[in-house]
Amino acid sequence: MNNSKVVVYISRNCTQCEHVIARLSEWGVDFEERNVSDNREHFKELQSKRIYGTPATFVDGEKILGYQERKLKRILGIPYEERFFDKDVMNYS
């Protein structure tokens, strides 16, 4: 679906990490999962980027911290529904 390089740093017992993984899988996005709890090198990689929490997702080098579904969709080019009001609908005159 998407040709972006996606890397997701996760850790054990991380609910937000599970959400990121589930959504990427649901959207058919190929990604590399790096568990910082199980692999010390992945932990050091993340720290070298001055990031100390998970999930941390990188899409073609652009970082997304935490679980931010709309931002993930925007960066991956996946359509999403805007939740802002249309100015014309808000006309009270």
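Above this note sits the structure.
Residues numbered from 1 in each chain as written. Predicted model: local features only at pLDDT ≥ 70, side-chain atom pairs only at ≥ 80, totals over all residues. Heavy atoms only, no water.

1. Overview of the packing of aromatic side chains
Here's step 1: Inspection of every chain in the model, using the stated rule, returns one aromatic pair.
Here's step 2: Aromatic pair Tyr9 and Phe58: ring centres 5.9 Å apart, planes at 80°, arrangement edge-to-face. Here Tyr9, found in strand S1 (residues 6-10), pairs with Phe58, found in strand S3 (residues 56-59); they are 49 residues apart in sequence, far enough to count as distant.
Here's step 3: Phe58 gets classed as buried once you look at its relative accessible area, which sits at 11%.
Here's step 4: The cationic tip of Lys49 hangs over the ring face of Phe58; the distance from NZ or CZ to the ring centre is 5.0 Å. (Phe/Tyr/Trp six-rings, centres within 6.5 Å; stacked < 30°, edge-to-face > 60°. Helix = DSSP H or I, 4+ residues; strand = E, 2+ residues; numbered from the N terminus. Buried < 20%, exposed > 50% of the residue type's maximum accessible area, 1.4 Å probe, protein only. Lys NZ or Arg CZ within 6 Å of the ring centre and 35° of its normal.)

2. Some thoughts on the side chain of Ser11
Here's step 1: Topologically, Ser11 is positioned in the loop between S1 and helix H1 (15-26).
Here's step 2: Overall, the relative accessible area of 18% leaves Ser11 in the buried class.
Here's step 3: Within the structure, the side chain of Ser11 is placed 2.6 Å from the side chain of Thr54, a separation counted as a polar contact.
Here's step 4: Setting aside residues no more than four positions away along its own chain, Ser11 makes contact with Cys17, Asn35, Val36, Ser37 and Thr54. (Polar contact = N/O pair within 3.5 Å; in protein donor to acceptor, adjacent residues only side chain to side chain. Contact = heavy atoms within 4.5 Å.)

3. Thoughts on helix H3 (residues 69-76)
Here's step 1: Considered for burial, the residues of H3 that qualify are Leu72, Lys73, Ile75 and Leu76. Buried residues of H3 fall within an arc of 170° about the axis and therefore sit on the same side.
Here's step 2: On its buried side, H3 packs onto S1, H1, S3 and strand S4 (62-65).
Here's step 3: Trailing H3 by a residue or two, Gly77 shows a phi angle of about 75°, which is positive. (Arc of directions from axis to C-beta.)

4. Quick word on the environment of Glu32
Here's step 1: Note on placement: Glu32 falls in strand S2 (residues 32-35).
Here's step 2: Along the chain, Glu32 and Tyr9 lie 23 residues apart, while their C-alpha atoms are 8.5 Å from each other.
Here's step 3: The contacts of Glu32, once residues within four sequence positions are left out, are Val6, Val7 and Val8.
Here's step 4: Only 2.8 Å separates the side chain of Glu32 from the side chain of Arg34, close enough to count as a polar contact.

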